[in-house]
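# Per-entry structural report
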Amino acid sequence: MKTRAQAAKVLFEVVEQGVSLSTVLPAAQQQLAAKDRALLQELCFGSLRWLSRLEAIAAALMSKPLKGKYRQLHYLLLVGIYQLLYTRIPPHAALSETVSACRLLKGETFRGMLNGVLRNVQRQADALQQTVDQKPTSRFAHPKWLIERLKAAYPKQYGAILDANNQRPPLWLRVNRRHHDRVSYRALLAAQDIAVAGEDPGSEGLCLAQPCDVSQLPGFADGWVSVQDGAAQQAARLLDPQPGDWVLDACAAPGGKTAHLLERQPALAGLVALDSDAKRLERVKDNLQRLQLTAQVICGDASRPQTWWSGPAFDRILLDAPCSATGVIRRHPDIKWLRRNEDIAELVILQGKILDALWCKLKPGGTLLYATCSVLPDENSEQIKAFMARTPDAELVALPQDGGPDRPGWQLLPGEGNMDGFYYAKLIKR
Ligand SMILES: C[S@@+](CC[C@H](N)C(=O)[O-])C[C@H]1O[C@@H](n2cnc3c(N)ncnc32)[C@H](O)[C@@H]1O
């Protein structure tokens, strides 16, 4: 009962107050006994994954929605529908636990109503599902603006992209080269009966068949392995820093790619890990400490390098730019409801500004790798086309999976190779 009430509160805060799930969920989990925390996570992620579909089903069964101070009860109802349609929780338990939670949300008088709607969901499940399938926003459980953008950019693939965004993501590991290679770490996993579903021959990535408690992985506490999606692991390979290089990781927090760069290349002259968010930089420091790696961690604005850097020009720059994160919706389903169409144009301007500013800090002959976890061409291939047009000394390196002159760079789509959606463009300064 308490878990359902907490889930309703979390959904209310995310959807109506615009706070990210990664901020709200840990605090809500602290309110519960350890044994109930995984269920809370499942209810929150699942309900956000299917939110507009659950909304459509609720709307079909109610004459008017719950408003004002009863909004948390509205989300409790959605949590109830989610359990009935998407989980193996026995329906009688889902129903009674959800209805009982009304009391914890000061809505005792709504017990009867919730009970009635949830019983109708049970009785009419198939018909309701067919009805809501008629409308793209509930069929795909994405906001209209995002469906339209994806349809325009990927007329043939957009349905598959939307479906991939609604899948549960796999757990990818990055093997720390300083301790093991991918093959020898795979053998350690096999010895513990941990099955691997796939691997990335070009990097250090192993994709597990089932998510697991990472603290149980061989050597996790000693930094032998970290959690990082296979797509994100392409950055260090593509930037390929060499001994003696000065490297800038310009938008570094929480530090996954910083650590990977250092693991792959122990003989750098120096690595600067920059981010504008001081709180997120603490996580970079924690990661470096766990992995026993060293970098110069600086809090600053990547679009104004003169305010934080007077050292030598960089040989390699990784710009993992702030973006819409539309490639990682399967890991962060709240993105669908937090992000607005208007945000995209603002992000494109910021990305362009950072690209121009950092280009001035790159040595002639140096490499800049532009990366986003977005699938929107405005932030990716169009951004790079515009940069190339205004930057005569920039040369684009064709990546093996390059999209050609119309769509320069490498666009990974969500689910491709079991990886997140990601974009890479590699630029060299003449
Ligand atoms: C995609 S995340 C980076 C992820 C990171 N590279 C990793 O692999 O763990 C983008 C980061 O850009 C940072 N950021 C946003 N605007 C910035 C700016 N103007 N200057 C520096 N960092 C910025 C955000 O705080 C955020 O941490």
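Residues numbered from 1 in each chain as written. Predicted model: local features only at pLDDT ≥ 70, side-chain atom pairs only at ≥ 80, totals over all residues. Heavy atoms only, no water.

### Side note on the site of the ligand
Of all residues adjacent to the ligand, which total 18 residues, the nearest are K257, D275, R280, A302 and D320. Within the contact set of the ligand, an oxygen atom lies 3.1 Å away from a backbone nitrogen or oxygen of G255. Contact distances for the ligand include 2.8 Å between a nitrogen atom and a backbone N or O atom of A302. Contact with the protein chains covers 84% of the free accessible surface of the ligand, which is 610 Å². For the shell around the ligand, the residue count by class is eight nonpolar, four polar and six charged. (Near = heavy atom within 4 Å. Polar contact = N/O pair within 3.5 Å; in protein donor to acceptor, adjacent residues only side chain to side chain. Areas by Shrake-Rupley, 256 points an atom, 1.4 Å probe, with all protein chains shown as cover. Nonpolar A, V, L, I, M, F, W, Y, C, P; charged D, E, K, R; others polar.)

### Considering the UniProt feature "binding site: S-adenosyl-L-methionine" (unreviewed entry) in the chain
The UniProt record marks C251, A252, A253, P254, G255, G256, K257, D275, D301 and D320 with the feature "binding site: S-adenosyl-L-methionine" (unreviewed entry), using the residue numbering of this structure. Mapping G255 onto the fold places it in the loop between β5 (246–249) and α14 (256–264). Residues in contact with G255, not counting those within four places in the same chain, are V284 and N287. You can see G256 is positioned in helix α14. If we skip the residues at most four places from it in the chain, G256 touches R174 and Q228. (UniProt positions renumbered as here; feature names shortened; annotations may be inferred. Helix = DSSP H or I, 4+ residues; strand = E, 2+ residues; numbered from the N terminus. Contact = heavy atoms within 4.5 Å.)

### So, the nonpolar core
Of all hydrophobic cores here, the largest spans 51 residues; its most connected members are L150, F422 and Y424. Ranked by residues supplied to this core, first place goes to helix α10 (residues 144–153) with five residues. Those residues within four positions of Y424 in sequence are excluded, and the remaining contacts are A231, A232, Q234, A235, L238, L369, Y370, A371, L399, G409, W410 and L412. By size, the runner-up hydrophobic cluster in this structure holds 50 residues, among which are A7, L21, L40 and V79. (Core = buried A, V, L, I, M, F, W, Y, C linked by side-chain atoms within 4.5 Å. Buried < 20%, exposed > 50% of the residue type's maximum accessible area, 1.4 Å probe, protein only.)

### Considerations on the side chain of E204
Looking at the element boundaries, E204 is found in the loop between β2 (196–199) and β3 (205–208). When its relative accessible area of 5% is taken as the criterion, E204 is described as buried. At 2.6 Å, the side chain of E204 and the side chain of H260 are in polar contact. Look past the residues within four positions of E204 in its chain and what remains in contact with it is L173, R174, V175, R177, R182, Q233, H260 and R264.

### Looking at the sheet that holds β2
Taken in spatial order, the four strands make up an open sheet running β2-β3-β1-β4, and their pairing is antiparallel. Looking at the sheet topology across the chains shown, the edges are occupied by β2 and β4 (225–227). The mean angle between the axes of side-by-side strands here comes to 30 degrees, regardless of whether they run parallel or antiparallel. When β2 meets β3, the two strands line up antiparallel, connected through three bridges. Residue pairing for β3: G198 is matched across the bridge by C207. (Pairing = 2+ DSSP bridges. Axes fitted to C-alpha atoms, helices over the stretch in contact; angles between N-to-C directions.)

### Section: the domain arrangement of the chain
Domain annotation of the chain identifies domain 1 (2–141), domain 2 (172–227) and domain 3 (237–429). When each unit is reduced to the centre of its C-alpha atoms, the spacing between domain 2 and domain 3 is 25 Å. If you look at the interface, domain 2 gives 16 residues, while domain 3 gives 16 residues. Both faces considered, domain 2 and domain 3 share a buried interface measuring about 1,300 Å² in area, 43% of it formed by carbon and sulfur atoms. In terms of surface lost to domain 3, no three residues of domain 2 exceed W172, R174 and R178, which account for 44% of the buried area on that side. Where domain 2 packs against domain 3, one counts two salt bridges. Close ionic contact of E204 with R264 constitutes a salt bridge, the shortest N to O distance being 3.3 Å. Our count for the domain 2 to domain 3 interface comes out at nine residue pairs in polar contact (both at pLDDT 80 or more). Element by element, the count of residues in the side of domain 2 that touches domain 3 is highest for strand β1 (residues 172–175), at three residues. (Domains from an automatic or database assignment. Buried area = accessible area lost by both parts, 1.4 Å probe. Salt bridge = Lys/Arg side-chain N within 4 Å of Asp/Glu carboxyl O.)

### Observations concerning the packing of helix α17 (residues 341–359) against helix α18 (residues 381–390)
At a minimum axis distance of 11 Å, the contact between α17 and α18 shows a crossing angle of 40 degrees. Considered as vectors, α17 and α18 are oriented oblique to each other. Note that α17 runs across α18; the crossing there is right-handed. Residues V348, Q351, G352, L355, D356 and W359 of α17 touch α18, and the partners they reach there are Q383, I384, F387 and R390. Tallied by class, residues from the contact of α17 with α18 come to five nonpolar, three polar and two charged. (Parallel < 35°, antiparallel > 145°, perpendicular 65-115°, else oblique. Left-handed = near helix turned anticlockwise from the far one by under 90°.)

### Considerations on unusual backbone geometry
Along the chain, A253 connects to P254 via a cis peptide bond; the corresponding omega equals 5 degrees. Checked against the element boundaries, P254 lands in the loop between β5 and α14. For A141, which is not glycine, the phi torsion reads 50 degrees and is therefore positive. Of note, A141 is situated in the loop between α9 (136–139) and α10. Accessibility expressed as a relative area gives 0% for A141, which makes it buried. Within the chain, Q292 stands out as a residue other than glycine whose phi angle is a positive 55 degrees. Its place among the elements puts Q292 in the loop between α15 (278–291) and β7 (296–299).

### So, the pattern of salt bridges
Here the structure, examined in full by the defined rule, presents 25 salt bridges. Between R330 and D420 there is a salt bridge, with its nearest N and O atoms 2.8 Å apart. With a gap of 90 residues between them, R330 in the loop between β8 (314–320) and α16 (335–338) and D420 in the loop between β11 (410–412) and β12 (422–429) connect regions that are remote in the sequence. Here R330 and D420 have matching classes, each one buried. Among the charged side chains, a salt-bridge network with shared partners connects D229, R330, R331 and D420.

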